[in-house]
Amino acid sequence: MSEEKFDVVFIGAGPGGYIGAIKAAQLGLKTACVESRGSLGGTCLNVGCIPSKALLESSHHFAAAGKDMAAHGIRLPKVELDLPAMLKRKDDVVATLTKGIAGLFKQNKVEDVRGFGRIVAADKVEVTLDDGGTRVLETENIVIATGSEVATLPGIEIDEKTIVSSTGALALEKVPAHFVVIGGGYIGLEMGSVWGRLGAKVTVVEFLDRITPTMDGELSKQFQRILRRQGFEFRLGTKVTEARKNGKGIELTLEPAAGGEAESLSCDVVLVAVGRRPFTEGLGLAEVGVKVDNRGFVPVDGDFQTNVAGIFAIGDVLPDRPMLAHKAEEEGVAVAELIAGHAAHVNYDAIPGVVYTWPEVASVGRTEEELKEAGVKYNAGKFPFMANSRARASGDSDGFVKILADAETDRVLGAHIIGPNAGTMIAELVLAMEYGASTEDIYRTCHAHPTLNEAVKEAALAVSGKPLNI
Ligand code: FAD
Ligand code: NAD
């Protein structure tokens, strides 16, 4: 057992912890980052954002080659799926990126400690090392960045083969004939898209009466319409109460959310995607007196400090904030800056959210429902991609851009896009919100032609009733 002194120790090397550790080291703090997973990058790089986007990209190419190329005057021989190659490519992308973080740690002089960390005192982290033995890291500050794990449902036992979480859904050995998703949120719709494009029939069972419940209602309706056209079936207002394996597959018991008669639905694979919960198991929080809320999240003050001085928390373990990689990264940078004695904050009003289906769906700021509920007077401007020349040229003209602006000041309060590359396009509106821009600021900015972003300019013009191309 050895002891040494650090300025800060991050526990968890996901996007919160690894980015925070790099920033802290860049600011001159002696920094360590502890990770138990075996590879760096957390949920995001290993079993989340990156592998899912690799499969979304590959399955998009497969679907486009099978269906959409003819419209472009490209005739292809019968397109065949090589699933092992597709999965290997995904694994290679993950391996390259996770190894890249080890390189970044070396470059920035972050001590890369591989093992399971436990807080034994407000200034001590004991690590059960992957290679055997224990190491005690003495430190001025500790940052909890231990992330989240899949939320399970009673009566449904995940085996990661036929009853899967997102982790199993990223590695199915064959395309299921019928893929049922429990939960019409980010994971369900992205993974449903992957396996649907590869040939599965996809049914989404959602408890509420709409998919993506936190999204702007108009966007969510259009999104569901487009997914239905792609072959998705939806069972809204419905819950799954049991999943039983029989010789042939899985027998699900479905019930109306409001109560009523049960029915059964059979499938080959069922994905449980009803959210994620904070992961702090074995971390020693109770022993050192760090408070958690009734759902296990770790509350913090405006400086990311828990109720124990010198112990901070960031990322998915925080309550009442979106569980997103880029949000965790912002918090990682901010906590490093605060510990280093600088001023820092995260603007939670300008955190974009993106569903990487096709078309993509992207949002920032407030929805129409939220503005109405808050009694804020606003003007809305909308522009469809059908009227955008670039979208027409590329043959991807589903969807629209919608901008919501304060009725009095014209300041942008929210923006919502469903359409091709919406996730990339939203950056312009996130920046606009960070700068407190008005829709006039946006429409007086020159947008290159022909680009998809011209639809943002037109939606900004539409807020005051002056779109040019419709
Ligand atoms: P995590 O990434 O969960 O990292 C925490 C790390 O801490 C883990 O590696 C864990 O092993 C480690 N750890 C835990 N306890 C200990 C301990 N005691 N000692 C040592 N190590 C420990 N978000 C997006 O923004 N965009 C996306 O496209 C996206 N796609 C997703 C797709 C899927 C399938 C999933 C599941 C999630 C996706 N997310 C996405 C969410 C994103 O992955 C999380 O919000 C993000 O990873 C949270 O970062 P974090 O640093 O808080 O925690
Ligand atoms: P989610 O919160 O996005 O969606 C869960 C859905 O399940 C909701 O629509 C909810 O109403 C529904 N639900 C809850 N209980 C249910 C039940 N018993 N029966 C049927 N439906 C039920 O959660 P997720 O899709 O599991 O994703 C977890 C987290 O990971 C999300 O918070 C998201 O932020 C993050 N994520 C982000 C991305 C991205 O940024 N593109 C992709 C994947 C995951």
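About the thresholds
Residues numbered from 1 in each chain as written. Chains lettered and ligands numbered in written order. Predicted model: local features only at pLDDT ≥ 70, side-chain atom pairs only at ≥ 80, totals over all residues. Heavy atoms only, no water. Helix = DSSP H or I, 4+ residues; strand = E, 2+ residues; numbered from the N terminus. Contact = heavy atoms within 4.5 Å. Axes fitted to C-alpha atoms, helices over the stretch in contact; angles between N-to-C directions. Parallel < 35°, antiparallel > 145°, perpendicular 65-115°, else oblique. Left-handed = near helix turned anticlockwise from the far one by under 90°. Nonpolar A, V, L, I, M, F, W, Y, C, P; charged D, E, K, R; others polar. Polar contact = N/O pair within 3.5 Å; in protein donor to acceptor, adjacent residues only side chain to side chain. Near = heavy atom within 4 Å. Areas by Shrake-Rupley, 256 points an atom, 1.4 Å probe, with all protein chains shown as cover. Disulfide = S-S within 2.5 Å. Pairing = 2+ DSSP bridges. Core = buried A, V, L, I, M, F, W, Y, C linked by side-chain atoms within 4.5 Å. Buried < 20%, exposed > 50% of the residue type's maximum accessible area, 1.4 Å probe, protein only. Salt bridge = Lys/Arg side-chain N within 4 Å of Asp/Glu carboxyl O.

(A) Region of interest: the side chain of Asp406. Mapped onto the secondary structure, Asp406 falls in strand 20 (residues 400-406). Once residues lying within four places of it in the same chain are set aside, the contact partners of Asp406 are Val376, Lys377, Tyr378, Arg411 and Leu413.

(B) How the structure looks around the packing of helix 1 (residues 15-26) against helix 4 (residues 83-108). At a closest axis distance of 9 Å, the pairing of helix 1 and helix 4 adopts a crossing angle of 15 degrees. By the angle between their directions, the pair helix 1 and helix 4 is classed as roughly parallel. Once helix 1 is placed against helix 4, the crossing between them reads as left-handed. Side by side, helix 1 and helix 4 meet where Tyr18, Ala21, Ile22, Ala25 and Gln26 of the first sit next to Ile101, Leu104, Phe105 and Asn108 of the second. Classifying every residue of the contact of helix 1 with helix 4 by side-chain character gives seven nonpolar, two polar and no charged.

(C) Representation of the side chain of Ser363. Along the chain, Ser363 turns up in strand 18 (residues 360-365). A distance of 3.0 Å separates a polar atom in the side chain of Ser363 from a polar atom in the side chain of His416. Residues in contact with Ser363, not counting those within four places in the same chain, are Met215, Leu219, Ile351, Pro352, Gly353, Ala415, His416 and Ile426.

(D) Spatial organisation of the site of ligand 1. Of all residues adjacent to ligand 1, which total 38 residues, the nearest are Glu35, Thr43, Lys53, Gly117 and Ala325. Contact distances for ligand 1 include 2.6 Å between an oxygen atom and a side-chain N or O atom of Thr43. The side chain of Lys53 places a nitrogen or oxygen atom 2.7 Å from an oxygen atom of ligand 1. Contact with the protein chains covers 94% of the free accessible surface of ligand 1, which is 990 Å². Where the shell around ligand 1 is concerned, the elements lending two or more residues are helix 1, strand 2 (31-35), helix 2 (42-47), helix 3 (49-68), strand 3 (111-121) and helix 9 (325-339). Residue composition of the shell around ligand 1, grouped by class: 17 nonpolar, 16 polar and five charged.

(E) Structural view of the site of ligand 2. As a structural note, the neighbourhood of ligand 2 is formed by 22 residues, with Ile187, Glu190, Glu206, Met323 and Val354 the closest of them. In this structure, Phe207 approaches ligand 2 through a main-chain N or O atom, which is 3.1 Å from a nitrogen atom. Separating an oxygen atom of ligand 2 from a backbone N or O atom of Met323 is a distance of 2.7 Å. For ligand 2, the accessible surface in isolation is 840 Å², of which the surrounding protein chains cover 79%. Tallying contributions element by element places helix 6 (residues 186-197) first for the shell around ligand 2, with three residues. Tallied by class, residues from the shell around ligand 2 come to 14 nonpolar, four polar and four charged.

(F) Representation of the state of the cysteines. A complete count under the given rule lists zero disulfides for this structure. The thiol of Cys33 is unpaired, and the distance to the nearest cysteine sulfur, on Cys44, comes to 14 Å.

(G) Up close: the packing of helix 3 against helix 4. For the pair helix 3 and helix 4, the least separation of the axes is 9 Å and the interaxial angle reads 145 degrees. The interaxial crossing formed by helix 3 with helix 4 has right-handed handedness. Between helix 3, through Ile50, Pro51, Ala54, Leu55, Ser58, Ser59 and Phe62, and helix 4, the contact on the second element is made entirely by Met86, Leu87, Arg89, Lys90, Val93, Val94 and Leu97. Per-class residue counts for the contact of helix 3 with helix 4 are ten nonpolar, two polar and two charged.

(H) Structural view of the pairing of strand 4 (residues 124-129). Here six bridges tie strand 3 to strand 4, and the two strands are oriented antiparallel to one another. Each residue of the ladder has a partner; that of Arg118, found in strand 4, is Glu126. What sits between strand 3 and strand 4 in their antiparallel hairpin is a turn of two residues. Note that strand 4 and strand 5 (residues 134-144) share five bridges and pair antiparallel. When the bridges of strand 5 are listed, Lys124 appears paired with Glu138. From the end of strand 4 to the start of strand 5, which pair antiparallel, there are four residues, and Gly132 there has a positive phi angle of about 100 degrees.

(I) Structural view of the nonpolar core. In terms of nonpolar packing, the biggest core is built from 55 residues, with Phe10, Phe105, Ile119, Leu137 and Phe304 touching the most fellow members. In this view, Phe304 contacts Ile311, Phe312, Ala313, Ile314, Leu318, Arg321, Glu331, Ala334, Val335, Leu338, Val346 and Tyr348; residues no more than four positions away in its chain are not counted. Leu55, Trp195, Val355 and Val361 belong to the second-largest nonpolar core, a separate cluster that totals 35 residues.

(J) Region of the structure containing the pattern of salt bridges. Considering all chains together, one arrives at 21 salt bridges under this definition. Put simply, Arg295 and Asp320 hold a salt bridge, and the shortest N to O gap is 3.7 Å. In this pair, Arg295 sits in the loop between helix 8 (285-288) and strand 16 (311-313) while Asp320 sits in the loop between strand 16 and helix 9, placing the two residues 25 residues apart along the sequence. As far as burial versus exposure is concerned, Arg295 and Asp320 are alike and both exposed. For Glu440, the salt bridge goes to Arg444, with nearest N and O atoms at 2.6 Å. The class for Glu440 is partly exposed, based on a relative accessible area of 34%. Each of Asp216, Glu218, Glu368, Lys372, Lys382 and Lys402 takes part in one network of salt bridges that share partners.

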